[in-house]
Amino acid sequence: MMNVRIICLGKLKERYLRDMCDEYVKRLGTLCKISIIELNPERLSDAPSQNEIKAALEKEGKQILSKISKGEKVIALCVEGSMLSSEALSEKLANIASEGSSAVCFIIGSSCGLSDEVKSRADFRLSMSPMTFPHQLARALLLEQIYRAFSISAGSKYHK
């Protein structure tokens, strides 16, 4: 059974998002070992400079990198990443498993994104859409797509 971790910055504030994420975590429990690590994002001023944003991303990046386990395949969610269909994500996860890795770590950055160091560490960069989503909603969407990917691999009727 594959070990799937999601490292993300920030806690879910809205109850409806927590409920949605909890539901997909519950569903995934029969398909993989799933865990979510929430890290504290750096606080920024109301009108942060590029230097302030860069410094915050670097601090967040160090937190993220310290949580990545040796041997994990890392998939970073970032705007410049590749977009995959649900079937292609399912195939990517299956390929990771067939290559001998039993662990994958998805990373969701803060509202400012991810540091270059984290992006460089990633084995794959994934873009969910050319549209911009709040990072809290991105977590719910990612969990649903991970569930869909495992459902496709299992041949279930969830994915039509």
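Below you will find a few notes about this structure. These numbers come from a predicted model, not from an experiment.

Enumeration over the complete set of coordinates arrives at 10 salt bridges. Put simply, Lys11 and Glu38 hold a salt bridge, and the shortest N to O gap is 3.5 Å. Taken together, the residues Lys11 in the loop between strand E1 (3-9) and helix H1 (15-28) and Glu38 in strand E2 (residues 33-39) connect sequence positions 27 residues apart. Residue class for Glu38 comes out partly exposed when judged on its relative accessible area of 32%. For Arg27, the salt bridge is made with Glu23, and the minimal N-O distance between the two is 3.0 Å. Here the residue Arg27 and the residue Glu23 both occupy positions in helix H1, the gap between them amounting to four residues, near one helical turn. Its relative accessible area of 30% is what places Glu23 among the partly exposed residues. Here the salt bridges do not stand alone but share partners, grouping Lys11, Glu38 and Arg139 into one network.

On to helix H5 (residues 135-154). Spacing of three or four residues puts side chains on the same side of an α-helix, whose turn is 3.6 residues. Compared with an ideal rise of 1.5 Å per residue, which puts 20 residues at 28 Å, H5 spans 28 Å between its outermost C-alpha atoms and is within 8% of the ideal. Downstream of H5 by one or two residues, Gly155 has phi in the positive range, about 75°.

Turning our eyes to something else, we now look at the pairing of strand E4 (residues 103-108). A regular strand places its side chains so that they alternate between the two faces of the sheet. When you tally the buried positions in E4, you get six out of six residues, the bulk of the element. Along E4, one buried face is formed by Ala103, Cys105 and Ile107 and the opposite face, lined by Val104, Phe106 and Ile108, is buried too. Pairing geometry for E1 and E4, over six bridges, is parallel. Paired with Ile7 across the bridge in E4 is Ile107. Relative to E4, strand E3 (residues 73-82) is paired through five bridges, and the arrangement is parallel. Within the sheet, the bridge partner assigned to Leu77 lies in E4 and is Ile108. Once the chain exits E3 it traverses helix H3 (residues 86-98) before rejoining the sheet at E4, and the crossover so formed is right-handed.

Scoring rules and cut-offs
Residues numbered from 1 in each chain as written. Predicted model: local features only at pLDDT ≥ 70, side-chain atom pairs only at ≥ 80, totals over all residues. Heavy atoms only, no water. Salt bridge = Lys/Arg side-chain N within 4 Å of Asp/Glu carboxyl O. Helix = DSSP H or I, 4+ residues; strand = E, 2+ residues; numbered from the N terminus. Buried < 20%, exposed > 50% of the residue type's maximum accessible area, 1.4 Å probe, protein only. Expected span 1.5 Å × (residues − 1). Pairing = 2+ DSSP bridges. Right-handed = clockwise from strand over helix to strand, strands pointing away.

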